[in-house]
Structure formats: structure tokens, C-alpha cells
Amino acid sequence: CGASQTTTPSTYARVLSLQILQSLLSASPGTLREQLMKAPDGINRLVDLLGHDASAPTSSGSVLSESAVPEEVRNQAILFLTSLASSSSILARLITFSEGYD
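Since we're looking at a predicted model, the values are computed, not measured.

The rules behind the values
Residues numbered from 1 in each chain as written. Predicted model: local features only at pLDDT ≥ 70, side-chain atom pairs only at ≥ 80, totals over all residues. Heavy atoms only, no water. Helix = DSSP H or I, 4+ residues; strand = E, 2+ residues; numbered from the N terminus. Buried < 20%, exposed > 50% of the residue type's maximum accessible area, 1.4 Å probe, protein only. Contact = heavy atoms within 4.5 Å. Salt bridge = Lys/Arg side-chain N within 4 Å of Asp/Glu carboxyl O. Core = buried A, V, L, I, M, F, W, Y, C linked by side-chain atoms within 4.5 Å.

Caption draft 1: Quick peek at the overall build of the protein chain. Across its full length, the protein chain carries five helices and zero strands. Each helix (α) and strand (β) of the protein chain, taken in turn from the N terminus, gives the series α-α-α-α-α. Of all 102 residues assigned to the protein chain, the portion counted as buried reaches 30%. For the protein chain, the share of sequence-separated contacts (at least 6 apart) that also reach a separation of at least 24 residues comes to 67%.

Caption draft 2: Geometry of the pattern of salt bridges. Under the criterion given, the structure shown has one salt bridge. In this structure, the salt-bridge partner of Lys-38 is Glu-34, at a minimum N-O distance of 3.1 Å. Taken together, the positions of Lys-38 and Glu-34, both in helix H2 (residues 29-38) and four residues apart, correspond to about one turn of that helix. Here Lys-38 falls in the exposed class, since its relative accessible area comes to 56%.

Caption draft 3: The arrangement of the nonpolar core in detail. If you look at the biggest cluster of nonpolar residues, it comprises 19 residues, and the most contacted ones within it are Leu-18, Leu-36, Ile-43, Leu-46, Phe-80, Leu-81 and Leu-84. Secondary structure elements with two or more residues in this core: helix H1 (9-27), H2, helix H3 (42-48), helix H4 (71-87) and helix H5 (89-97). Per element, the largest residue contribution to this core is five residues, and it comes from H4. Setting aside anything within four residues of it in sequence, one finds Phe-80 in contact with Leu-18, Leu-21, Gln-22, Leu-25, Leu-32, Leu-36 and Leu-46.

What follows is the structure, given as C-alpha cells:
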């Protein structure tokens, strides 16, 4: 009924992926944090889902337009990153300063 025009299978996949990450954080926080730290650009890729600065390049070097990140994905990313940051002060700092490493 009130679905936005940006709701696509890709949007659903990203939202569900973030929800799975949230479940993993609840079930096994240490393992998830360790894997995110090992993943190349792991935190930066999650922060890119916020899409808060349309003119800034992403960690991959492409320019992210505001419409590139659907609201549903952005909202789920905010929830996950907030939970992740509250679970680890190190990850909180990485999330906070990830934009400075672009």
C-alpha cells in the first residue's frame, strides 16, 4: 500500500541481509565483530548504506547519489550500525571515522 517506488528485490535483499547481520550480532557478537574487522572495507561498506552525503565518493570510489540508497535500507543500516557501535568501542570509533578514510 504505502511502499516507496524504490522497493525492489535488491532493496529487500539488502534489508534482509542487514537483519541477518543484526541477528548474528545478537547470537554471536564476538564472531561477527571479528569478521567485520577482517573484511576488506567491511565497516566502510556498511556506512556507505547510510548514503548521507550525496556528493561524497563512497569507499569504492564511486559517487553515491541520494537515490542510490533506498530509505528502507538506510533505516535498517542505522539500526544495525547503532547496535554494532554500542557493542564495541573500537567499532564505534571505526564507524564514526570511516568517512575520513575514503
